[in-house]
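# Examining the three-dimensional arrangement
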Amino acid sequence: MRWFRRDRHTSPPPSSSPEIVPVVTAANQMDADLLRGILEAHRIPAMTRPGGIGAGYIVALQPHDILVRADDLDRARDVLAAFRDDDSVKLLWR
């Protein structure tokens, strides 16, 4: 009785990882962390990525991209637009 068949070839399951896209670029790491926190407070998973030339040199002072799942992109833009339009919020992002 063979309970383990080596001749059985199964292909790996299709990738179920979502596409990750940038939603905005913050001026520096501190602003990026604040924006990521705003998104996460609205239950939108987000992460940051240093951008710009020389990403390894003084990373905290360089622009950072805030990344979200493609499915959450429109909702993330709406949430951040509400904060961008608020005059009491002084964050820099493009």
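## Description of the overall build of the protein
Scanning the protein from terminus to terminus reveals 2 helices and 3 strands. Written out in order from the N terminus, the α and β elements of the protein read β-α-β-β-α. When the 94 residues of the protein are sorted by exposure, 28% land in the buried category. Just so you have it, the protein exposes about 7,100 Å², and 55% of that area is on carbon and sulfur atoms.

## So, the nonpolar core
If you look at soluble globular proteins, the nonpolar side chains tend to sit buried side by side. Membership of the largest hydrophobic core comes to 16 residues, with the highest contact counts inside it found for Val23, Leu35, Leu39, Ile66, Val68 and Leu80. Of all the secondary structure elements, the ones that give two or more residues to this core are strand E1 (20-26), helix H1 (29-41), strand E3 (64-69) and helix H2 (73-84).

## Some points on the sheet that holds strand E2 (residues 46-50)
Where strands meet in a sheet, backbone hydrogen bonds hold them as pairs that are either parallel or antiparallel. The antiparallel open sheet is built from 3 strands, whose spatial order is E1-E3-E2. Lying at the two open borders of the sheet, with one neighbouring strand each, are E1 and E2. Strand-to-strand twist across the sheet, computed as the mean angle between neighbouring axes with direction ignored, equals 35 degrees. Note: E1 against E3, 6 bridges, orientation antiparallel. Bridging across to E3, Ile20 finds its partner in Arg69. With respect to the sheet, H1 is in contact with E1, E2 and E3, its orientation differing from that of E2 by roughly 165 degrees. Contacts from H2 reach E1 and E3, with the element oriented near 10 degrees to E1.

## Describing H1
Because an α-helix completes one turn every 3.6 residues, residues spaced three or four positions apart along the sequence face the same direction. Between its first and last C-alpha atoms H1 spans 18 Å; for 13 residues at 1.5 Å apiece the expected length is 18 Å, and the two agree. The secondary structure elements touched by the buried residues of H1 are E1, E2, E3 and H2. Put simply, Asn28 is the residue that caps the front of H1, since its side-chain oxygen is 3.1 Å from the backbone nitrogen of Met30.

## So, the pattern of salt bridges
Counted under the stated rule, the structure contains 4 salt bridges. The partner of Asp33 in a salt bridge is Arg36, and the shortest N-O contact between them spans 3.8 Å. Of this pair, Asp33 and Arg36 both sit in helix H1, 3 residues apart, which is roughly one turn of the helix. The exposure class of Asp33 is partly exposed, given its relative accessible area of 31%. Asp72 is the partner of Arg75 in a salt bridge, and the nearest nitrogen-oxygen pair spans 4.0 Å. Counted as one network, the salt bridges with shared partners bring together Arg69, Asp72 and Arg75.

Cut-offs applied
Residues numbered from 1 in each chain as written. Predicted model: local features only at pLDDT ≥ 70, side-chain atom pairs only at ≥ 80, totals over all residues. Heavy atoms only, no water. Helix = DSSP H or I, 4+ residues; strand = E, 2+ residues; numbered from the N terminus. Buried < 20%, exposed > 50% of the residue type's maximum accessible area, 1.4 Å probe, protein only. Areas by Shrake-Rupley, 256 points an atom, 1.4 Å probe, with all protein chains shown as cover. Core = buried A, V, L, I, M, F, W, Y, C linked by side-chain atoms within 4.5 Å. Pairing = 2+ DSSP bridges. Axes fitted to C-alpha atoms, helices over the stretch in contact; angles between N-to-C directions. Contact = heavy atoms within 4.5 Å. Expected span 1.5 Å × (residues − 1). Polar contact = N/O pair within 3.5 Å; in protein donor to acceptor, adjacent residues only side chain to side chain. Salt bridge = Lys/Arg side-chain N within 4 Å of Asp/Glu carboxyl O.

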